[in-house]
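# Structural overview for review
What follows is each chain in one-letter form.
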Amino acid sequence: MSNKKVLECLEKNVDGLEIIQNLMRYDDPLVYSDLMLDIDLHHFEGYEALLPVMLLSTGDPIIERTGKRLLLQLYSEKLQKIGGWQMVDYVKDILLEEQARWEKHIGQLRTLRKQNKI
């Protein structure tokens, strides 16, 4: 699967992203020096599309701040490109999708609890 397809998949499947994030956080936490070393050595060649996952998957304050700053910059660019009204609708659509996915997830957990499977 190409990096772009992986990124598209993760964008549509935030649960999968959270699983990747949890694995990265607890087993071998990503820190600034590790990320910079990888950038300096390989420049993420061949897996550039996974860099946002790395930025979202850490407790390192420098990387977290970088991710927030990047989000704000990209948001601003998209806002300039499509306009305020469409940007708000875009955010609203994503919020509605995530709320529906969350409700489905909670419903599945409740069903499993009732069946004593968790």
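In the block above lies the structure referred to throughout.
Predicted model only: the values in this text are computed from it and were never measured. (Residues numbered from 1 in each chain as written. Predicted model: local features only at pLDDT ≥ 70, side-chain atom pairs only at ≥ 80, totals over all residues. Heavy atoms only, no water.)

### Section: the overall build of the protein
Helices and strands together make up the secondary structure of the protein, namely six helices and zero strands. Reading the helices (α) and strands (β) of the protein from amino to carboxyl end gives α-α-α-α-α-α. Relative to its length of 118 residues, the protein is extended, with a C-alpha radius of gyration of 17 Å against a globular reference of 13 Å. A principal-axis box enclosing the C-alpha atoms of the protein has dimensions of 50 × 40 × 30 Å. Long-range contacts, defined here as pairs at least 24 residues apart, represent 60% of the contacts in the protein between residues at least 6 apart. Of the roughly 9,600 Å² of accessible surface on the protein, a fraction of 59% belongs to carbon and sulfur atoms. If the 16 positive side-chain charges of the protein are averaged to one point and the 19 negative ones to another, these points end up 9 Å apart. (Helix = DSSP H or I, 4+ residues; strand = E, 2+ residues; numbered from the N terminus. Rg over C-alpha atoms; globule rule 2.2 N^0.38 Å. Contact = heavy atoms within 4.5 Å. Areas by Shrake-Rupley, 256 points an atom, 1.4 Å probe, with all protein chains shown as cover. Lys, Arg positive; Asp, Glu negative; His and termini not counted. Charge placed at Lys NZ, Arg CZ, Asp CG, Glu CD.)

### As for the environment of Q73
Mapped onto the secondary structure, Q73 falls in helix α5 (residues 61-82). Residues Q73 and I63, ten residues apart in the sequence, show an inter-C-alpha distance of 15 Å.

### Side note on the side chain of T58
Along the chain, T58 falls in the loop between α4 (51-56) and α5. Looking at T58, its side chain comes within polar contact range of the main-chain oxygen of L30, at 2.6 Å. A distance of 2.9 Å separates a polar side-chain atom of T58 from the backbone nitrogen of D60. (Polar contact = N/O pair within 3.5 Å; in protein donor to acceptor, adjacent residues only side chain to side chain.)

### Quick notes on the nonpolar core
Within the largest apolar cluster, six residues are counted, these being L30, L35, F44, M54, L55 and I63. The contact partners of F44, leaving out residues within four places of it in the chain, are L35, D38, I39, L51 and M54. (Core = buried A, V, L, I, M, F, W, Y, C linked by side-chain atoms within 4.5 Å. Buried < 20%, exposed > 50% of the residue type's maximum accessible area, 1.4 Å probe, protein only.)

### Details of a negative patch on the surface
Taken together, the side chains of E8, E11, D89, D93 and E97 define an acidic patch exposed on the protein surface. Elements with a minimum of two residues in the negative patch: α1 (3-12) and α6 (84-114). Ranked by residues supplied to the negative patch, first place goes to α6 with three residues. Assignment of secondary structure puts E11 in helix α1. A relative accessible area of 57% means that E11 is categorised as exposed. (Patch = residues over 30% accessible without salt bridge, like charges linked within 9 Å, V, L, I, M, F, W, Y side chains within 5 Å. Salt bridge = Lys/Arg side-chain N within 4 Å of Asp/Glu carboxyl O.)

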